[in-house]
Amino acid sequence: MEFSILAESFNKMESTRKRLELTQFLVELFEKTPHDVISKIVYLIQGKLRPDFEGIELGVAEKLALRSIPKSSGIPIKKIEDEYRKSGDLGHASSIILEQKTQTTFLVEDITVERVYETLFKIAKLGGSRSQDMKMKYISSLLNDATPLEASFILKILLGTLRLGIAENTVMDALAVAFTGEKENRKKIQYAYNVSSDLGKVAETIATKGIEGIEKFEIILFNPIRPMLADRVKSEAEAIEKMGNEFAAEYKLDGERVQLHIEGDKVALFSRSLERIESYYPDIIEKIPKNIQADNIILEAEAVAINENTGEFLPFQELMHRRRKYKIEKAVTEYPISVNFFDVLYCNGKNCMESSYKERRNTLEKHVKEDEFAKYIPMSIVRNENEIEDFMENSINAGSEGLMLKMLDKPYQAGSRGSHWLKLKREYRNELGDSLDLVVIGGYFGKGRRTGNYGTLLLATYDEDEDTFPSICKVGTGFTDESLDQLYQILNPKVSIKKNPRIISEMEADVWFEPELVIEVVASEITLSPIHKAAMNAIRKDSGLALRFPKFTGKIRVEKAVEDASTNEEVITLYKGQKKIAHDKNLM
Ligand code: ATP
């Protein structure tokens, strides 16, 4: 397939943010795409080469890409740098420059999607000392044969700056329309995606085998399953109202969710956002296979830092010391953990997701042996408010965050947040103390002790409909010297020259960040705001919502994708809940 078709399509997509229009552009593109290229197109649209869980990163630095342009064009590097400085977007700058290409090349080969994809793949796989030269050679050869428009998109993909604003949901809508003619088939496509986490594979299946192929989609060992999530409740009474009169309560441990795929000694570990995390947990890889009594299994567990002497659970921050590239062995001994299993999704070649919670818990206890390192998450069947409260107290005393409440007769619903699982956190009982997971979009340099760090951060919610990040507050409290340093280390590489178009804010910031990091904050209240853009017009025309007295809780949620941050909807619900409480209090 000619790459020009894709480049022209991307160009159209960049000109709109409207979801319906984007869906239509995608449908048109899919209809022009040969079936054996469709998975590649789906990955490229998302700026990827393979699904996230394979961990294939392009990792081309701007400098290297800059140096590759003159090679192919004969244009002096100074000129390219000047243009780049003006526009802040290398892809765009290169297309302007290449329009003025001085060096005419002979033997120009048409470039195809396949060629671009394969070259990018080779670049991603290159490592070692000679890799820079090879990478430059590959990039140059592509740019040599590319038109300015094509070159601009090749560079954007290479640098990770292609941002078409296309959410996975939009891709699935378009696949349903393009290949089945019916948008309703989206649900089946969604299921296939939830069990495989591989949108490229889903696209290829629907293109080649139709909806029947999608219906036969099955769990694949070592392909992660998108996790089931929980709604929140504020009180024991609300939980009983929603769950009926008998359900399971489990400790809600404050660690990292880990999905384990195991067959013999082969183990893969995936985080909540389905990234590979084996390197942080060599102890899990080494020890857990001995606890498994099954040929193969997919399990879910919470890895929690513990005090080895007392067995007490320690907070999430302790575990974060393991998120490092070097000296991991030292971190493993300094920050010991336990692995606390709470679900089984697949066992001995069979899908367990359709089984009820009760059956799954039995399967778990049958096939996983407990010891000092591997535990079942503490669970109790509860029937009334007193029993919940009692178990909540045990849970908090053991150092956990609260309870997860789970319906006994319900299946595992991959990839969805629903009322079959509810979380009751201690702080939710304090009406205004709800915590929110927000995206860091901007920063302000600190003064005094904070000089050299970002003293205040600008935060945003996630707007699911628009796939954007509207600002909701600035936060400057709750930071320790250590957390400021840590945040600086993480945020500094994310500074961008220009505000990312997915950021919706009219605030000024000293620096803008690529929206890639989620942190947790609490606040005293949610108020209407003339300046912030979260939930704009939802409560009142021309007003957004803002957090009053926000405070960083100390939790940097590195395991969360920005699309998993608190949504506008959640903030609206909290705002309305707070109104209702105030109203009820006034009546008392
Ligand atoms: P939160 O911000 O409350 O951690 P979240 O958005 O990360 O929530 P939720 O589904 O809302 O995800 O909350 C469930 C999270 O709690 C899981 O991702 C998991 O890491 C953790 N957890 C701790 N104990 C349990 C348990 N017993 N069952 C399921 N998840 C648990």
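Residues numbered from 1 in each chain as written. Predicted model: local features only at pLDDT ≥ 70, side-chain atom pairs only at ≥ 80, totals over all residues. Heavy atoms only, no water.

## Some details on the overall build of the chain
Across its full length, the chain holds 20 helices and 21 strands. Taking 25 Å as the expected radius of gyration for a compact globule of 588 residues, we find that the chain reaches 25 Å, a close match to that expectation. With the C-alpha coordinates of the chain rotated into their principal frame, the extents come out at 80 × 55 × 55 Å. When burial is assessed residue by residue, the chain has 54% of its 588 residues classed as buried. For the chain, contacts bridging at least 24 residues in sequence account for 72% of all contacts bridging at least 6. In the structure as shown, the chain presents an accessible area of about 26700 Å², 48% of it carried by carbon and sulfur atoms. (Helix = DSSP H or I, 4+ residues; strand = E, 2+ residues; numbered from the N terminus. Rg over C-alpha atoms; globule rule 2.2 N^0.38 Å. Buried < 20%, exposed > 50% of the residue type's maximum accessible area, 1.4 Å probe, protein only. Contact = heavy atoms within 4.5 Å. Areas by Shrake-Rupley, 256 points an atom, 1.4 Å probe, with all protein chains shown as cover.)

## Structural notes on the site of the ligand
Near the ligand lie 20 residues; those nearest to it are Glu-250, Glu-302, Lys-406, Lys-423 and Lys-560. Between the ligand and the protein, one listed contact pairs an oxygen atom with a backbone N or O atom of Ala-230 at 3.0 Å. Contact distances for the ligand include 3.0 Å between an oxygen atom and a side-chain N or O atom of Lys-252. Elements with a contribution of two residues or more to the shell around the ligand: strand 1 (229-232), strand 2 (247-252), strand 10 (402-406) and strand 11 (417-425). When the residues that make up the shell around the ligand are grouped by side-chain class, the tally is eight nonpolar, no polar and twelve charged. Composition of the shell around the ligand by domain shows at least three residues from each of domain 2 (229-428) and domain 3 (436-587). (Near = heavy atom within 4 Å. Polar contact = N/O pair within 3.5 Å; in protein donor to acceptor, adjacent residues only side chain to side chain. Nonpolar A, V, L, I, M, F, W, Y, C, P; charged D, E, K, R; others polar. Domains from an automatic or database assignment.)

## Quick look at unusual backbone geometry
Even without a glycine there, the phi angle at Asp-542 is positive, about 65°. Topologically, Asp-542 is positioned in the loop between strand 19 (525-529) and strand 20 (544-548).

## Brief notes about the pattern of salt bridges
Side chains carrying opposite charge are able to pair once their charged atoms draw close together. Scanning the model with the defined rule gives 37 salt bridges in all. Glu-365 is paired through a salt bridge with Arg-361; the nearest N and O atoms lie 2.9 Å apart. Remark: Arg-361 and Glu-365 occur in helix 17 (residues 357-367); sequence separation between them is four residues, near one turn of the helix. The partly exposed category is assigned to Glu-365, whose relative accessible area is 37%. Given the relative accessible area of 8%, Arg-361 is considered buried. Between Glu-525 and Arg-548 there is a salt bridge, and its shortest N-O distance comes to 2.9 Å. (Salt bridge = Lys/Arg side-chain N within 4 Å of Asp/Glu carboxyl O.)

## Considerations on helix 10 (residues 168-180)
The end-to-end C-alpha distance of helix 10 is 18 Å, a good match for the 18 Å that 13 residues give at a rise of 1.5 Å each. Buried within helix 10 we find Thr-170, Val-171, Met-172, Asp-173, Ala-174, Leu-175, Ala-176 and Ala-178. Of the surrounding secondary structure, the elements contacted by the buried residues of helix 10 are helix 2 (19-32), helix 3 (38-45), helix 11 (186-196) and helix 12 (199-215). Downstream of helix 10 by one or two residues, Gly-181 has phi in the positive range, about 75°. (Expected span 1.5 Å × (residues − 1).)

## Concerning the packing of helix 1 (residues 3-14) against helix 2
In contact at an axis separation of 10 Å, helix 1 and helix 2 are set at 175° when each is read in the N-to-C sense. The angle between helix 1 and helix 2 places the two elements in the roughly antiparallel class. Residues Ile-5, Leu-6, Ser-9, Lys-12 and Met-13 of helix 1 form the contact with helix 2, whose own contacting residues are Leu-22, Phe-25, Leu-26, Glu-28, Leu-29 and Lys-32. Split by residue class, the contact of helix 1 with helix 2 holds seven nonpolar, one polar and three charged. (Axes fitted to C-alpha atoms, helices over the stretch in contact; angles between N-to-C directions. Parallel < 35°, antiparallel > 145°, perpendicular 65-115°, else oblique.)

## Looking at the domain arrangement of the chain
Accessible area lost upon the coming together of the parts is a frequently used measure of interface size. For the chain, the assigned domains read domain 1 (48-159), domain 2 (229-428) and domain 3 (436-587). Computed from C-alpha coordinates alone, the two centres of domain 1 and domain 3 are separated by 35 Å.

## Some words on the pairing of strand 4 (residues 266-270)
The element strand 4 is extensively covered by neighbouring structure, given that four of its five residues are classed as buried. Connecting the antiparallel pair strand 3 (residues 256-263) and strand 4 is a turn made up of two residues, with Gly-264 showing a positive phi of about 60°. (Pairing = 2+ DSSP bridges.)

## Let's talk about a negative patch on the surface
A cluster of acidic side chains, namely Glu-308, Glu-370, Asp-371 and Glu-372, defines a negative patch on the protein surface. Of note, Glu-370 is situated in the loop between helix 17 and strand 8 (374-376). (Patch = residues over 30% accessible without salt bridge, like charges linked within 9 Å, V, L, I, M, F, W, Y side chains within 5 Å. Lys, Arg positive; Asp, Glu negative; His and termini not counted. Charge placed at Lys NZ, Arg CZ, Asp CG, Glu CD.)

## Some remarks on the side chain of Arg-322
As for its placement among the helices and strands, Arg-322 is situated in the loop between helix 15 (316-320) and helix 16 (328-334). For Arg-322, the side chain forms a polar contact with the side chain of Asp-283, separated by 2.8 Å. When near neighbours in sequence (up to four residues on either side) are disregarded, Arg-322 contacts Tyr-280, Tyr-281, Asp-283, Ile-328, Ala-331, Val-332, Tyr-335, Pro-336 and Ile-337.

## Quick notes on the packing of aromatic side chains
Taken as a whole and judged by the stated rule, the model has twelve aromatic pairs. The interplanar angle of 35° and the centroid separation of 5.5 Å between the aromatic rings of Tyr-462 and Phe-469 together place this pair among those described as tilted. Residue class for Phe-469 comes out buried when judged on its relative accessible area of 0%. One aromatic cluster is present, built from ring pairs that chain together Phe-445, Tyr-454, Tyr-488 and Phe-513. Note that Lys-406 overlies the ring of Trp-421, its terminal NZ or CZ placed 3.9 Å from the centroid. Its end group placed over the ring of Trp-512, Lys-499 keeps NZ or CZ at 5.0 Å from the ring centre. (Phe/Tyr/Trp six-rings, centres within 6.5 Å; stacked < 30°, edge-to-face > 60°. Lys NZ or Arg CZ within 6 Å of the ring centre and 35° of its normal.)

## Structural notes on the sheet that holds strand 9 (residues 379-382)
Spatially, the five strands line up as an open sheet ordered 1-11-10-2-9, and their pairing is mixed. On the outer flanks of this sheet lie strand 1 and strand 9, each paired with one strand and no other. Strand-to-strand twist of the sheet, defined as the mean angle between neighbouring strand axes without regard to direction, takes the value 40°. The pairing of strand 1 with strand 11 spans four bridges and is classified as parallel. Pairing of Ala-230 across the sheet is with Gly-418, part of strand 11. In this fold helix 13 (residues 236-243) packs onto strand 1, strand 2, strand 10 and strand 11, with an angle of close to 160° to the strand it touches most, strand 11. Packed on one face of the sheet, helix 17 meets strand 2, strand 9, strand 10 and strand 11 and runs near 55° to strand 2.

## Some remarks on the environment of Thr-468
Among the secondary structure elements, Thr-468 is positioned in the loop between strand 13 (454-460) and strand 14 (469-475). Of the residues examined, Thr-468 reaches a relative accessible area of 4% and is grouped as buried. When the C-alpha positions of Thr-468 and Asn-348 are compared, they lie 42 Å apart, and in sequence the two are 120 residues distant. In this structure Thr-468 touches Arg-17, Thr-461, Tyr-462, Asp-463, Arg-502 and Ile-504, once residues within four positions along its chain are discounted.

## Some thoughts on the environment of Pro-227
The residue Pro-227 is located in the loop between helix 12 and strand 1 in this model. Judged by relative accessible area, which is 13%, Pro-227 ranks as buried. In this structure the C-alpha to C-alpha distance between Pro-227 and Ser-271, which are 44 residues apart in sequence, comes to 9.6 Å. Those residues in contact with Pro-227 that sit more than four places away from it in its chain are Arg-257, Arg-272, Leu-274, Glu-300, Tyr-412, Ala-414, Gly-415 and Ser-416.

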